[in-house]
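Report on the structure
Each chain is listed here by its residues.
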Amino acid sequence: MTTQAAPPAGRVTGQPVRRKEDARVITGQARWTDNLTLPGLAHLAIVRSPMAHARIGKADVSAALEQPGVIAAFTGRDLAPDYGSLPTAWIVSDDLIVPDHPPVAADEARYLGDAVAVVVAEDPYQAADAVEAVQVEYEPLPAVVDPVAALADGAPLVHAGQATNRAFTWSFSGGDYADTRRRAKVVVSRRFVQQRVMPTAMEPRAVLAEPFPATGEFTLWTSTQVPHFVRLLMSSVCGIGEHKLRVIAPDVGGGFGGKLNVYAEEAIALAVARRLGRPVKWTATRGEDYLATTHGRDMIQDVEIAAARDGRVLGLKVDLTADLGAYLQLLTPAVPLLGRYVYPGIYKFAAHEFTCQGVFTTKTPTDSYRGAGRPEATFAVERIMDELAAELGLDPLELRQRNWISHDEFPYTTVTGLTYDSGNYEAATARATELFGYDALRREQAERRQRGDPVQLGIGVSVYTEMGGLAPSRWFGRHGYTVGGWETASVRLLPTGRVEVIAGTSPHGQGHETTFGQIAADAVGVPFDDIDVMHGDTDVAPWGLDTYGSRSIVVGGEAVLRAARQVVDKARVVAAHMLEVSPGDLEFGGGRFSVRGDPDASRTIQDVAFAAFAAHDLPPGADPVLLAEATVDPEAFSYPHGTHLCAVEVDTATGLVTVRSYVAVDDVGTVINPMIVDGQVHGGVTQGLAQALYEEAVYDAGGNLVTGSMVDYLVPSAADVPPYVTDRTETPATTNPLGVKGAGEAGTIGSTPAVVNAVVDALRAYGVTDIRMPCTPERVWQATHGDA
Amino acid sequence: MCAVPAGANDERMVLISTTVDGADHADEVEPRLLLVHYLRIRLGRTGTVVGCDTSNCGACTVLLDGLSVKSCTLLAVQADGAEITTVQGLADGDLHPVQREFAENHALQCGYCTAGMIMSAVDLLMENPDPSEQEIRDGLEGNLCRCTGYHNIVKAVRAAAAGLRAPGAPA
């Protein structure tokens with residue numbers, strides 16, 4: 001374990017500083033998109049397809065127009081001239097099929113909930129009434145629900161103009177897997193199913209578009225993680241000059257990937273606002289959000305591991321079928337691509353074979369969901385490692401220790417070509433097993449197995465790493481991503497010595513105002529309360545690549561640090577002039593410039609800020625505006641890692657799984673705010689645990705989402721999840737000056753396999769070798785007792 | 001009781017009187033108007049939010065005559081004559097201990113569930129001033145949070161409970 005020196009007194013970096021964001025939230029003063037209103041605001045509601053797949057015949061809005069308060073109504077055909085196709089930003093292969101994706105379907109609806117018409121009314125109740133009055137004739141077409149069946153010859157097509165439902169195929173190999181497999185003494189294979197899940201940010205999506213007809217300008221408020229993507233892509237989709245479109249993400253109530261997109265409703269609101277010359281607002285109901293916000297996961301993983309008799313892993317083969325849903329949204333095809341690189345996990349082996357097929361189905365498109373590809377990959381490798389351990393009769397931790405990259409082997413380049421810069425799996429695992437009481441739990445497990453306890457104890461292990469800090473623009477470019485991954489920040493030192501930070505990332509609960517404020521406070525040497533962090537408004541922060549992929553602190557945090565240091569350098573020139581020395585003679589610390597060797601000769605940063613602003617006596621070349629902007633484009637990803645241990649009790653009579661204890665020891669590099677990191681881990685673990693035990697978006701054979709409300713889709717409550725024990729090791733990243741690795745996705749990535757491994761472990765003595773997620777009582781009971 | 005005002009322009013409208021966060025209101029409303037929309041749209045009390053359409057998430061929780069209700073599951077007309085407290089009316093000069101402990105214990109991230117979570121916790125502590133961890137988890141079962149994993153929410157409610165039980169704490 002690398003131990004960091006204690007921070008110098010007065011520093012706020014590394015401290016559990018309470019959040020700047022909270023005051024407005026706990027008093028009900030947050031600014032959610034749906035809270036906003038404007039003079040002349042009209043309310044938009046969307047008519048959605050009640051069928052998974054249908055040709056749209058006559059669409060008649062005349063009855064809706066007769067309803068009280070209705071201002072306008074449009075069919076897909078009406079609006080077709082107003083915008084282009086919704087884009088995908090990641091062209092993952094040369095053979096990628098990118099179907100046309102109209103914001104409102106004009107000819108064919110391709111999933112339950114696909115928009116088919118739009119109504120606008122004076123109030124939202126009237127708009128909801130008008131939806132009921134729109135008459136649309138549908139000619140049913142076959143639903144395409146099962147991605148494997150969708151690939152068969154003669155399967156009905158989701159997009160009739162294409163030859164196949166296969167959107168892309170990639171393959172990758174490193175080493176000679178076939179030969180490795182022949183030589184291997186032990187080969188274990190499993191089919192794992194990553195069920196479809198729904199991100200379920202607590203705030204349903206909402207959009208408000210305000211037109212300025214005289215100038216052709218628009219302001220778009222949208223509940224999004226990516227206002228800069230929305231501006232860039234919506235300006236193109238809707239034919240608005242980029243300079244005439246201002247996008248604002250106000251307070252955003254969670255995202256988890258579900259708001260990492262450029263959505264139909266944003267184009268619809270802009271188009272309708274432009275037609276009517278009035279501001280319009282759309283707010284999803286929860287049911288609508290479940291249909292029209294992207295879903296996550298939904299992959300079938302055929303995984304095979306080849307090993308020597310002593311447990312040395314020799315190779316891994318992965319064959320992936322990814323259900324993309326009906327269209328390619330912003331990053332739909334890239335999710336399995338991001339996963340592809342981390343299938344080797346923390347392990348050293350030389351042979352790897354990977355294939356992936358992306359498949360269109362008549363379902364809501366899939367896209368990023370917390371971790372985006374990396375949780376799926378980690379699940380596969382950590383589950384198959386447990387199966388291999390069982391096959392070899394080894395303790396799962398022992399098998400991992402025999403195969404993991406040891407702390408003195410970094411940097412380490414994996415078979416997929418990623419170079420992990422740093423890590424210490426031994427230290428995190430040692431701490432986790434100690435906190436968990438691993439050996440005592442194993443003894444209890446053996447004893448309960450021995451006496452045939454109807455409630456069995458299971459212990460699940462997951463030792464993960466992931467690629468965080470999604471950034472390197474060159475890497476993105478080589479892999480077909482349309483944009484880069486750099487990040488930017490500005491720091492302004494105001495005349496009173498207060499500081500404004502403008503960040504290019506756009507948070508939705510992560511607390512950037514606080515963590516970026518901590519970084520800036522220490523770098524500029526002003527009190528934390530004297531810092532304001534602004535973000536999420538393209539007029540305020542015109543540049544930025546937004547928040548996803550555990551990138552904000554890694555890429556954006558470094559940008560804040562650099563900009564803050566540059567502001568200090570500008571102030572240094574003024575201070576030196578004030579103190580009649582050269583800038584090189586000054587030391588800076590604690591917000592004060594002091595002459596080296598003469599500490600009494602000093603000026604505070606606040607004094608310097610005002611002197612610069614007054615500009616009465618500036619040295620040549622000094623600028624009264626103490627402003628700096630810095631842009632960062634890392635050369636490499638960051639690699640957070642951790643060891644998660646889960647103990648479950650499984651009632652073999654009922655199939656009920658109860659989590660008894662959960663320990664997460666994560667290494668996210670240097671920690672800026674431990675309170676916030678713990679919070680990220682708690683929430684991430686809960687989402688991963690929910691995938692393991694509770695959540696599944698279920699479609700019936702007709703393509704109907706039968707879990708389309710919170711009654712049917714089990715988002716866990718406080719009563720469904722355990723308290724967590726969290727701790728950290730701190731191995732600083734070597735690839736950025738803060739040493740940070742990112743903490744947003746780690747919990748989700750580590751937890752799902754830990755929980756499922758625990759459930760399977762509990763029932764291993766019953767011959768159970770896998771249970772499909774979510775491990776509901778019914779599935780657990782069936783696995784234990786047979787399907788009869 | 002709800003009175004249908006004589007001579008109203010639209011006979012479907014119903015006159016209701018409420019006290020919301022200490023302010024008296026009298027409004028004609030459609031009988032179908034949900035209480036949460038009355039608060040948000042008619043009164044502009046947007047601190048109370050909507051997270052679902054099935055009464056599951058609890059984001060819209062307010063106190064109605066001192067008891068927690070999901071304001072998406074009540075019609076505005078059912079609140080006629082009632083005293084309603086939202087998260088915006090909870091602080092009495094100083095923050096309510098539950099509000100303060102939510103911030104102190106990092107019991108919110110995006111904060112969308114927070115208004116409802118705080119109001120449910122206030123109700124829980126009025127009913128049970130010294131809840132165990134399990135009683136807090138069970139008591140808040142009707143409020144969903146997607147960010148925090150509930151760990152720090154439970155901590156915050158325990159801390160608020162301790163504060164409220166301390167001598168000199170607000171009644």
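Residues numbered from 1 in each chain as written. Chains lettered and ligands numbered in written order. Predicted model: local features only at pLDDT ≥ 70, side-chain atom pairs only at ≥ 80, totals over all residues.

Along its length, chain B carries 5 helices and 5 strands. Seen in sequence order, chain B has helices and strands lined up from the N terminus as β-β-α-β-β-β-α-α-α-α. Against the compact-globule benchmark of 16 Å for 171 residues, chain B has a radius of gyration of 17 Å, which places it among compact chains. Projected onto its principal axes, the C-alpha positions of chain B cover 55 × 35 × 25 Å. Residues counted as buried form 54% of the 171 residues belonging to chain B. When contacts within chain B are restricted to residue pairs at least 6 apart in sequence, long-range pairs at least 24 apart make up 59% of them. (Helix = DSSP H or I, 4+ residues; strand = E, 2+ residues; numbered from the N terminus. Rg over C-alpha atoms; globule rule 2.2 N^0.38 Å. Buried ≥ 20, exposed ≤ 12 C-beta atoms within 10 Å, placed from the backbone. Contact = placed C-beta atoms within 7 Å.)

On to the nonpolar core, then. Ranked by size, the top nonpolar core spans 307 residues in total, and within it V118, V119, A520, V560 and V759 of chain A carry the most contacts. Excluding anything up to four places from it in sequence, V560 of chain A contacts A489, V491, V501, A503, F516, I519 and A520 of chain A. (Core = buried A, V, L, I, M, F, W, Y, C linked by C-beta atoms within 7 Å.)

Here we come to the pairing of strand 20 (residues 499-503) of chain A. All names here are of chain A. Most of strand 20 sits out of view: 4 of its 5 residues are buried. Where strand 19 (residues 487-493) lies against strand 20, 5 bridges are found, and the strand directions are antiparallel. In the strand pairing of strand 20, A489 is matched with A503. Linking strand 19 back to strand 20 in an antiparallel pair, the connection comprises 5 residues, with G497 at a positive phi of about 85°. Across 4 bridges, the pairing between strand 20 and strand 21 (residues 531-534) is parallel. Across the sheet, V499 pairs through a bridge with I531, a residue of strand 21. This β-α-β element, strand 20 to helix 16 (residues 512-524) to strand 21, shows right-handed connectivity. (Pairing = 2+ DSSP bridges. Right-handed = clockwise from strand over helix to strand, strands pointing away.)

Turning our attention to the packing of helix 19 (residues 674-693) of chain A against helix 20 (residues 746-762) of chain A. Residues and elements named next belong to chain A. Here helix 19 crosses helix 20 at 40°, and the two axes come no closer than 7 Å. With respect to helix 20, the axis of helix 19 lies oblique. Helix 19 and helix 20 meet at a crossing whose hand is right-handed. The segment helix 19 lies against helix 20, with Q680, V681, G683, G684, V685, Q687, G688, L689, Q691, A692 and L693 engaging A746, G747, T748, G750, S751, T752, V755 and V756. When the residues that make up the contact of helix 19 with helix 20 are grouped by side-chain class, the tally is 8 nonpolar, 11 polar and no charged. (Axes fitted to C-alpha atoms, helices over the stretch in contact; angles between N-to-C directions. Parallel < 35°, antiparallel > 145°, perpendicular 65-115°, else oblique. Left-handed = near helix turned anticlockwise from the far one by under 90°. Nonpolar A, V, L, I, M, F, W, Y, C, P; charged D, E, K, R; others polar.)

Moving on: the sheet that holds strand 25 (residues 626-632) of chain A. Each strand in a sheet pairs with another by means of backbone hydrogen bonds, the pair being arranged parallel or else antiparallel. All names here are of chain A. If you trace the 4 strands from one edge of the open sheet to the other, you get 21-20-19-25, paired in mixed fashion. The two strands at the open ends of the sheet, each matched to only one other strand, are strand 21 and strand 25. Strand-to-strand twist of the sheet, defined as the mean angle between neighbouring strand axes without regard to direction, takes the value 15°.

Attention now goes to the confidence of the model for chain A. Here chain A shows a mean pLDDT of 96. Residues at 70 or above account for 99%. For residues 1-7 of chain A, every residue scores under 50 in pLDDT, and the model assigns this stretch 11 contacts once sequence neighbours within four places are set aside. (pLDDT = per-residue confidence, 0-100.)

So, about helix 18 (residues 605-614) of chain A. All names here are of chain A. Restricting attention to buried positions, one finds in helix 18 the residues I605, V608, A609, A611 and A612. Taken down its axis, helix 18 places every buried residue within 170° of arc, on the same side. The elements touched by buried residues of helix 18 are strand 19, helix 16, helix 17 (552-579), strand 23 (592-595), strand 24 (598-604) and strand 25. A615 sits one or two positions beyond helix 18 and adopts a positive phi of about 60°. (Arc of directions from axis to C-beta.)

All names here are of chain B. Here chain B is described as being made up of domain 1 (14-89) and domain 2 (97-165). With centres defined by C-alpha atoms, the gap from domain 1 to domain 2 works out at 21 Å. Contacts between the two partners involve 15 residues from domain 1 and, on the opposite side, 12 residues from domain 2. Elements represented by at least two residues in the side of domain 1 that touches domain 2 include exactly strand 3 (61-64) and strand 4 (67-70). The element that contributes the greatest number of residues to the side of domain 1 that touches domain 2 is strand 3, accounting for 3 residues. When grouped by side-chain class, the residues that make up the side of domain 1 that touches domain 2 number 8 nonpolar, 7 polar and no charged. (Domains from an automatic or database assignment.)

Residue P411 of chain A is bonded to the preceding F410 of chain A through a cis peptide linkage, with omega at -5°. Locating P411 of chain A in the fold gives a position in the loop between helix 12 (396-403) and strand 16 (412-413). In this structure, P774 of chain A follows M773 of chain A across a cis peptide bond, with omega equal to -10°. Along the chain, the position of P774 of chain A falls in the loop between helix 20 and helix 21 (777-785). If you check the backbone angles, S55 of chain B has positive phi at about 65° while not being a glycine. By secondary structure assignment, the location of S55 of chain B is in the loop between helix 1 (35-42) and strand 3.

Let's shift gears to the domain arrangement of chain A. Residues and elements named next belong to chain A. Domain boundaries assigned for chain A yield domain 1 (22-29 + 486-632), domain 2 (33-141 + 204-252 + 259-292) and domain 3 (296-470 + 636-785). One C-alpha centre belongs to domain 2, the other to domain 3; they are set 37 Å apart. Partitioning the side of domain 2 that touches domain 3 into residue classes produces 14 nonpolar, 6 polar and 2 charged.

Residues and elements named next belong to chain B. Checked against the element boundaries, A159 lands in helix 5 (residues 151-165). Take A159: there are 19 C-beta atoms within 10 Å of it, and that puts it in the partly exposed class. Sequence spacing of A159 and N105 is 54 residues, and the spatial spacing of their C-alpha atoms is 8.6 Å. Those residues in contact with A159 that lie beyond four places of it in its chain are E101, E104 and N105.

The interface of chain A with chain B comprises 41 residues on the first partner and 45 residues on the second. Secondary structure elements with two or more residues in the side of chain A that touches chain B: helix 1 (22-26), helix 9 (286-292) and helix 19 of chain A. The element contributing the most residues to the side of chain A that touches chain B is helix 19 of chain A, with 7 residues. Looking at side-chain class alone, the side of chain A that touches chain B contains 19 nonpolar, 17 polar and 5 charged residues.

Further remarks concern the sheet that holds strand 4 of chain B. All names here are of chain B. Pairing in this open sheet of 5 strands is mixed, and the strands run 2-1-5-3-4 from one edge to the other. Strand pairing shows two members of the sheet lacking a second neighbour, strand 2 (23-29) and strand 4, which therefore form its edges. Between one strand axis and the next, the sheet turns through 40° on average, direction left out of account. Pairing analysis gives 4 bridges linking strand 3 to strand 4, with the strands arranged antiparallel. Across the sheet, the residue bridging to L64 is L67, located in strand 4. Contacts between helix 3 (residues 114-127) and the sheet are confined to strand 3 and strand 4, with strand 3 contributing the most and set at about 40° to the helix.

All names here are of chain A. Locating L738 in the fold gives a position in the loop between strand 28 (725-728) and helix 20. Overall, L738 belongs to the partly exposed group, with 19 C-beta atoms counted inside 10 Å. Sequence separation between L738 and A758 is 20 residues; the distance between their C-alpha atoms is 36 Å.

Residue and element names in this part refer to chain B. Direction vectors running N to C along helix 3 and helix 5 enclose 45°, while the axes themselves pass 11 Å from each other. As the angle between them shows, helix 3 and helix 5 are arranged oblique. Between helix 3 and helix 5 the crossing geometry is right-handed. Every residue of helix 5 that contacts helix 3 at M117, A121 and L125 is listed here: I153, V157, A160, A161 and L164. Its residues assigned to classes, the contact of helix 3 with helix 5 shows 8 nonpolar, no polar and no charged.

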